[in-house]
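Given next are the chains, with one letter for each unit.
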Amino acid sequence: MKIITIEEEAWQQLNSRINAIADYLKRLDDRSYDDLWVNNHEVCQYLHISEKTLWRMRTKGEIAYSKIYGQYFYTIGAIKDMLNANAIQSSDEFVQELMAKGKSYIEKGRKLKADKK
C-alpha cells in the first residue's frame, strides 16, 4: 500500500469538489421523477383522493395538467408544486420519507429509463 501526502489546502479543494459533485448528483436524483407523467388513477391512488376531488383541484387551477383525448395527465413536478403550495409545516425527515415512498410506488408500477438525456 502506498501513502500519498498532499498539502492541506489541496486536500480541502479536492474534498469540496467531491462534495459539490455528490450534491449535484443528489439533486439530479431528486428531480429525475419531476418530468414523469401519471394519469388520473395513479394520482388519486398516490394522494388517496377521489377522482371528484382531483377534478375540483383541476377546475380551481390548483394543479397543472394536460388533456389528451379525454384523459388527464399530470407530472410528478406539478403534484409536488401543488403539495408545496398547500404545505403547512413538515419536517425534512417526513418529506424525505414521503419522497422515498413515492419513488418506490412509481418504480413498482413502471420501468424507468436509466439514462436520461
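- Under an unreviewed UniProt entry, the name given to the chain is Helix-turn-helix domain-containing protein, and the organism recorded is Sphingobacterium kyonggiense.

**Details of the sheet that holds strand β3 (residues 71–75)**
- The strand order across the open sheet built from three strands is β1-β3-β2, with neighbouring strands paired in antiparallel fashion. Each edge of the open sheet carries a strand with a single partner, namely β1 (37–39) and β2 (66–68). Taken over all neighbouring pairs, the strand axes of this sheet differ in orientation by 35 degrees on average, direction set aside.

**What about the nonpolar core?**
- One finds Val-38, Val-43, Leu-54, Ile-63, Tyr-74, Ile-76 and Ile-79 to be the most contacted residues of the largest nonpolar core, which totals 15 residues.
- Filtering out sequence-adjacent residues up to four positions away, Tyr-74 remains in contact with Leu-36, Trp-37, Val-38, Asn-39, Asn-40, Val-43, Leu-54, Arg-58, Ile-63, Ala-64, Tyr-65 and Ile-79.

**A look at the packing of aromatic side chains**
- This structure, assessed with the given rule, holds two aromatic pairs.
- With centroids separated by 5.4 Å and ring planes inclined at 65 degrees, the aromatic side chains of Tyr-65 and Tyr-72 adopt a geometry described as edge-to-face.
- The exposure class assigned to Tyr-65 is partly exposed, which follows from its relative accessible area of 39%.
- On the numbers, 6.5 Å between centres and 50 degrees between planes, the contact of Tyr-65 with Tyr-74 is tilted.
- The ring centre of Tyr-65 lies 5.9 Å from the NZ or CZ of Arg-58, which sits over that ring.
- Sitting over the ring of Tyr-72, Arg-58 keeps its end group 3.6 Å from the ring centre.

**Looking at the pairing of β3**
- Relative to β3, β1 runs antiparallel, the two sharing three bridges. Pairing of Val-38 across the sheet is with Tyr-74, part of β3.
- Inspection of the sheet shows β2 paired to β3 by three bridges, in the antiparallel sense. In the sheet register, Ser-66 faces β3, and the bridge partner there is Phe-73.

Reading the values: rules and limits
Residues numbered from 1 in each chain as written. Predicted model: local features only at pLDDT ≥ 70, side-chain atom pairs only at ≥ 80, totals over all residues. Heavy atoms only, no water. Pairing = 2+ DSSP bridges. Helix = DSSP H or I, 4+ residues; strand = E, 2+ residues; numbered from the N terminus. Axes fitted to C-alpha atoms, helices over the stretch in contact; angles between N-to-C directions. Core = buried A, V, L, I, M, F, W, Y, C linked by side-chain atoms within 4.5 Å. Buried < 20%, exposed > 50% of the residue type's maximum accessible area, 1.4 Å probe, protein only. Contact = heavy atoms within 4.5 Å. Phe/Tyr/Trp six-rings, centres within 6.5 Å; stacked < 30°, edge-to-face > 60°. Lys NZ or Arg CZ within 6 Å of the ring centre and 35° of its normal.

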